[in-house]
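What the coordinates show
Each chain, letter by letter, is given below.
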Amino acid sequence: MAESNTDKAWIAKELSWLSFNDRVLQEAADPSVPIIQRIRYLGIFSNNLDEFFRVRVADVRRLAAFSTPSKQEEYKQLLEEIRQKVLKLQHRFESTYNANLKELRRRKIYVINEKQLDDSQIEYVRNYFHAHIQQELVPIVLDEANPMPELNDASIYLAIKLSYQGQTRFALLEVPTTRIERFVRIPGRNGKKGKVLIALENMIRVCLPQVFRGVFPLDSAEAYTIKLTRDAELELGEEVTQTFVEKMTQSLKRRRKGDPVRFVYDAQMPNDMLEYLVRRLGLGRLDSMIPGGRYHNSKDFMRFPNLGPAYLDSKSLPKIRVPEIDAADNILSCMRERDLLLFYPYHSFDYLTDLLKTAAIDPAVKSIRISLYRVASNSHVVDALLNAVANHKEVTVVVELQARFDEEANIALSQRLTDGGVNVILGVPGLKVHSKLISISRQEGSVQKYYSHVGTGNFNEKTAEVYTDFSLLTYDQAIGDEVAKVFDFIAYTYKRHNFQHLAVSPLNSRDRVIENVQAEIDAAKRGDECGITLKCNNLVDRELVDKLYEASQAGVPIRLIVRGMCSLVPGVKGLSENIEAISIVDGFLEHPRVYIFRNSGKPRYFISSADLMTRNIDFRVEVTCPIYSPELQQRIQSIIDIQWADNVKARLIDPSQTNAFRPRKKSAPKVRSQLQIHSYLESGKLPRLAKLDYKARPQGKKAKKKRS
């Protein structure tokens, strides 16, 4: 690698992640996006940022505090870069929010504050407050003699300044958004048309004196919203006598007391209140203190109601039926005839639950094994598994207790399954089980046959409506045998199996992906057809990034479709000239991992649960599966080709991280890949797309020799 390119060769994953959230904010500002969906993008942006601070900034903060002195300064500088970028995004968020409010007003939908109420509306708000809100409020008056209350980082609070009889007191009040909707519809102004919403905290502001029930003879009361974000890292105790569930439960309790990593406050807050809160909350120089507007926890915008006509919201796409499954006696018999590839949310997740329900009542099915990472709150998958037990099947479920922010739900899930007679395995010590596997064993004649599922997404009906993901359903016995071996490895980690078809983290995934990249480098040197296409959520593993740089320098054309973090820098002269990268942000969240290697004209296709991150490759149980069916290979290729042609929702990933939209010639037709993919899967007809070049493109001296 050329020395002059070293500084350009790597983007810190945290800064790259903020660049991804910038793309989400672009959608919130895009006038072509329906206005209600734009408001909800503001919620997605805010929700993303919360998790970013709880996880990624918390990691950097720990490194800045506990690394060697030579490294500490580097991490402190990164924290400052993060803070500056977040402040810029926050300012853009505020301007986008105000522009969207203006657009809502144009549509006769008004989001107003307590100062904009007329007398009749004030009367309505007061009545609503006494009937629905007051009993939910638990104000806490602060004083130096008592410790500060533990603030829940999923909530917003009103910091209240009380003035009476020449005294000043401060109080905190949690806004009860888990019990009452954040946005409440109230009557319009007298004689005015339109639909009016007011935020719950503004209704409380109208009635602040009633919150304190006349205990203080108030001269004035002022309320400012604040939000605290805590470190979400779980520290599992070492007590030998405790079960894993007990350790997780205790650790979750400690998370609620985790160190603060971000304090967001109303920029209009008076200095004496701000200084008091900073001191009492124990905020230090490594904590991000972010001034903002009066509204925080904007993640509640994700549930923003549409009070207008349907066209103000995104139009849902109809589900596409799978004729082969619909025409078969049942889904198991269909799998015996051919491999099936479902692509959510274009296809219905009901096909997957039908697989489990069919297996549950089939007398020939002997056992079902499945790995669960995140499931829906009212999961039909779980219902089918319990039904299988009732039908005398042996059911084994791997429940990952360390699925971040779903830990408590998964503890309850594991208990429900255990009570229902399911054999529950609580993950693997030291590893997260992130693979998306089902292994169904069925007696056919004198032998048992496997029906297997390998996917890229969770067995979750809710997320399957908004995440794009692949599910491979196969009767291939070689793959089925190896899927069963993965479950055996999870149950008995000391066993070492030989995997010819699957790549399984942490056993052989790194070797397999590096071998495939090396094969393309070798093909390029021979002048054979070569090329790499990687679609993933995140690409931040340094060894793989360096290997892709090596492939680019050998002349391998590389196409990357990366939704989130991308530490690789495309288009750097002498280093990554043969690498192009895009990110697609649209109505569905792009979630599949697909890896394609041209392999000298005999392409290899893989789907995977694993992102190209060190944690996924080396420290999780993940599965990458080959696609052998030529028909399904062609379908994946067509879907990826449509995505690569996207010129509506695709942004360029480049050294400057400007998130520029891919340029489109005036004469070129618009390709919005998520809509085009739906059309393709529905009709089977591929839109006309530009031909892609898979010839090796040598660089530097080799290129000059070839041209001469």
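Everything numeric here is computed off the predicted structure, so don't read it as measured data. (Residues numbered from 1 in each chain as written. Predicted model: local features only at pLDDT ≥ 70, side-chain atom pairs only at ≥ 80, totals over all residues. Heavy atoms only, no water.)

**Structural notes on the packing of helix α1 (residues 13-29) against helix α2 (residues 35-66)**
For the pair α1 and α2, the least separation of the axes is 8 Å and the interaxial angle reads 170°. Compared by their axis directions, α1 and α2 come out roughly antiparallel. Facing Glu14, Trp17, Leu18, Phe20, Asn21, Val24, Leu25, Glu27, Ala28 and Ala29 of α1, the residues of α2 in contact are Arg38, Tyr41, Leu42, Ile44, Phe45, Asn48, Leu49, Phe52, Arg56 and Val60. Here the residues of the contact of α1 with α2 are counted per class, giving 14 nonpolar, 2 polar and 4 charged. (Axes fitted to C-alpha atoms, helices over the stretch in contact; angles between N-to-C directions. Helix = DSSP H or I, 4+ residues; strand = E, 2+ residues; numbered from the N terminus. Parallel < 35°, antiparallel > 145°, perpendicular 65-115°, else oblique. Contact = heavy atoms within 4.5 Å. Nonpolar A, V, L, I, M, F, W, Y, C, P; charged D, E, K, R; others polar.)

**Let's talk about empty space enclosed by the protein**
A complete count under the given rule lists 4 cavities of 30 Å³ or more for this structure. The computed volume of the second largest cavity comes to approximately 110 Å³. If you go around the second largest cavity, you meet 16 residues; those closest to its centre are Tyr344, Gly457, Asn458, Ala464 and Asp469. Every element with two or more residues in the lining of the second largest cavity is listed here: β16 (447-455) and β17 (467-474). In the lining of the second largest cavity, the residues fall into 7 nonpolar, 8 polar and 1 charged. (1 Å grid on protein atoms, 1.4 Å probe; cavity = no way out; pocket = protein on both sides within 12 Å on 5 of 7 lines; lining within 4 Å. Points joined across faces, edges and corners; volume = space filled by probe spheres on them.)

**Some details on the pattern of salt bridges**
Pairs can form between side chains of opposite charge once their charged atoms are near each other. According to the stated counting rule, one finds 39 salt bridges in the structure shown. Between aspartate 22 and arginine 92 there is a salt bridge; the shortest N-O distance is 2.4 Å. With aspartate 22 in helix α1 and arginine 92 in helix α3 (residues 69-106), the pair connects residues that are 70 residues apart, well separated along the chain. Measuring nitrogen to oxygen at the nearest pair gives 3.9 Å for the salt bridge that ties glutamate 444 to arginine 336. Here glutamate 444, found in strand β15 (residues 437-444), pairs with arginine 336, found in helix α10 (residues 331-337); they are 108 residues apart in sequence, far enough to count as distant. You can call glutamate 444 buried: its relative accessible area is 18%. According to the relative accessible area criterion, arginine 336 is partly exposed, its value standing at 33%. Within this structure, Glu181, Arg182, Glu201, Asp300 and Arg303 form a network of salt bridges that share partners. (Salt bridge = Lys/Arg side-chain N within 4 Å of Asp/Glu carboxyl O. Buried < 20%, exposed > 50% of the residue type's maximum accessible area, 1.4 Å probe, protein only.)

**Overview of unusual backbone geometry**
With the exception of glycine, most residues fall at negative phi, and the peptide bonds are largely trans. For the peptide bond that leads from tyrosine 344 to proline 345, omega is 0°, which places it in the cis range. Within the fold, proline 345 resides in the loop between β10 (340-344) and α11 (350-361). Look at the link from serine 505 to proline 506: it is a cis peptide, with omega at 5°. With respect to the secondary-structure elements, proline 506 resides in the loop between β18 (503-505) and α15 (509-526). Even without being glycine, glutamine 165 reaches a positive phi, approximately 50°. Of note, glutamine 165 is situated in the loop between β3 (157-164) and β4 (167-174). In the Ramachandran plot, asparagine 659 falls in the positive-phi region, its phi being about 60° despite a non-glycine side chain.

**What to know about the sheet that holds strand β1 (residues 109-112)**
Pairing is mixed in the open sheet, where 3 strands are placed in the order β1-β6-β5. A single partner strand is all that each edge strand has here, and the edge strands are β1 and β5 (183-186). Neighbour-to-neighbour, the strand axes of the sheet open up by a mean angle of 30°, direction not taken into account. Alignment of β5 against strand β6 (residues 195-199), held across 4 bridges, turns out to be antiparallel. Its bridge partner being in β6, arginine 185 is matched across the sheet by leucine 197. Against the sheet, helix α4 (residues 119-133) makes contact with β1, β5 and β6, and its axis sits at roughly 130° relative to β5, the strand it touches most. (Pairing = 2+ DSSP bridges.)

**Comments concerning the environment of glycine 284**
Along the chain, glycine 284 turns up in the loop between α8 (271-281) and β9 (288-292). Residue glycine 284 is classed as partly exposed on the basis of its relative accessible area of 29%. In the structure, glycine 284 is positioned 23 residues away from valine 261 in sequence and 9.1 Å away in space, judged by C-alpha atoms.

**Looking at the packing of aromatic side chains**
The tally for this structure, following the rule as stated, stands at 19 aromatic pairs. Centre to centre, the rings of tyrosine 164 and phenylalanine 216 are 5.1 Å apart; their planes meet at 45°, and the pair counts as tilted. Of this pair, tyrosine 164 sits in strand β3 while phenylalanine 216 sits in the loop between α6 (208-211) and β7 (220-230), placing them 52 residues apart in sequence. Each member of the pair tyrosine 164 and phenylalanine 216 is classed as buried. When the ring of phenylalanine 170 is compared with that of tyrosine 276, the centres are 5.0 Å apart and the planes differ by 40°; the resulting orientation is tilted. One end of the pair, phenylalanine 170, is in strand β4; the other, tyrosine 276, is in helix α8, and 106 residues separate them in sequence. An aromatic cluster is defined as three or more aromatic residues linked by ring pairs; in this entry it consists of Trp17, Phe20, Phe52 and Phe53. When the ring centre of tyrosine 492 is taken as reference, the NZ or CZ atom of lysine 495 above it lies at 4.8 Å. Arginine 662 extends its terminal NZ or CZ atom over the ring of tryptophan 644, reaching a point 5.0 Å from the ring centre. (Phe/Tyr/Trp six-rings, centres within 6.5 Å; stacked < 30°, edge-to-face > 60°. Lys NZ or Arg CZ within 6 Å of the ring centre and 35° of its normal.)

**Re helix α19 (residues 673-683)**
Those residues of α19 that fall on the buried side of the exposure criterion are Ser673, Gln674, Ile677, His678, Tyr680 and Leu681. Angularly, the buried residues of α19 cover 165° about the axis, an arc narrow enough to put them on a single face. In this structure, the buried residues of α19 make contact with β10, β21 (579-584), β22 (589-590) and α18 (630-644). (Arc of directions from axis to C-beta.)

**Re the confidence of the model for the protein**
On average, the protein scores 90 in pLDDT, and the residues at 70 or more come to 92%. Taken as a whole, residues 234-242 scores under 50 in pLDDT and shows 20 contacts with residues more than four places along the chain or in a different chain. Per-residue pLDDT stays below 50 along residues 251-256; that stretch engages in 21 contacts with residues further than four places along the chain or on separate chains. (pLDDT = per-residue confidence, 0-100.)

**A look at the nonpolar core**
Across soluble globular proteins, nonpolar side chains show a tendency to be buried alongside one another. Membership of the largest hydrophobic core comes to 47 residues, with the highest contact counts inside it found for Leu104 and Phe304. Among the secondary structure elements, those contributing two or more residues to this core are α1, α2, α3, β1 and β8 (260-266). Broken down by element, this core gets its largest block of residues, 13 residues, from α2. Ignoring sequence-local partners within four residues, the contact set of phenylalanine 304 consists of Ile36, Ile39, Arg40, Leu104, Val111, Phe183 and Leu197. Within the second largest apolar cluster, 45 residues are counted, among which are Leu431, Phe588, Leu632 and Ile677. (Core = buried A, V, L, I, M, F, W, Y, C linked by side-chain atoms within 4.5 Å.)

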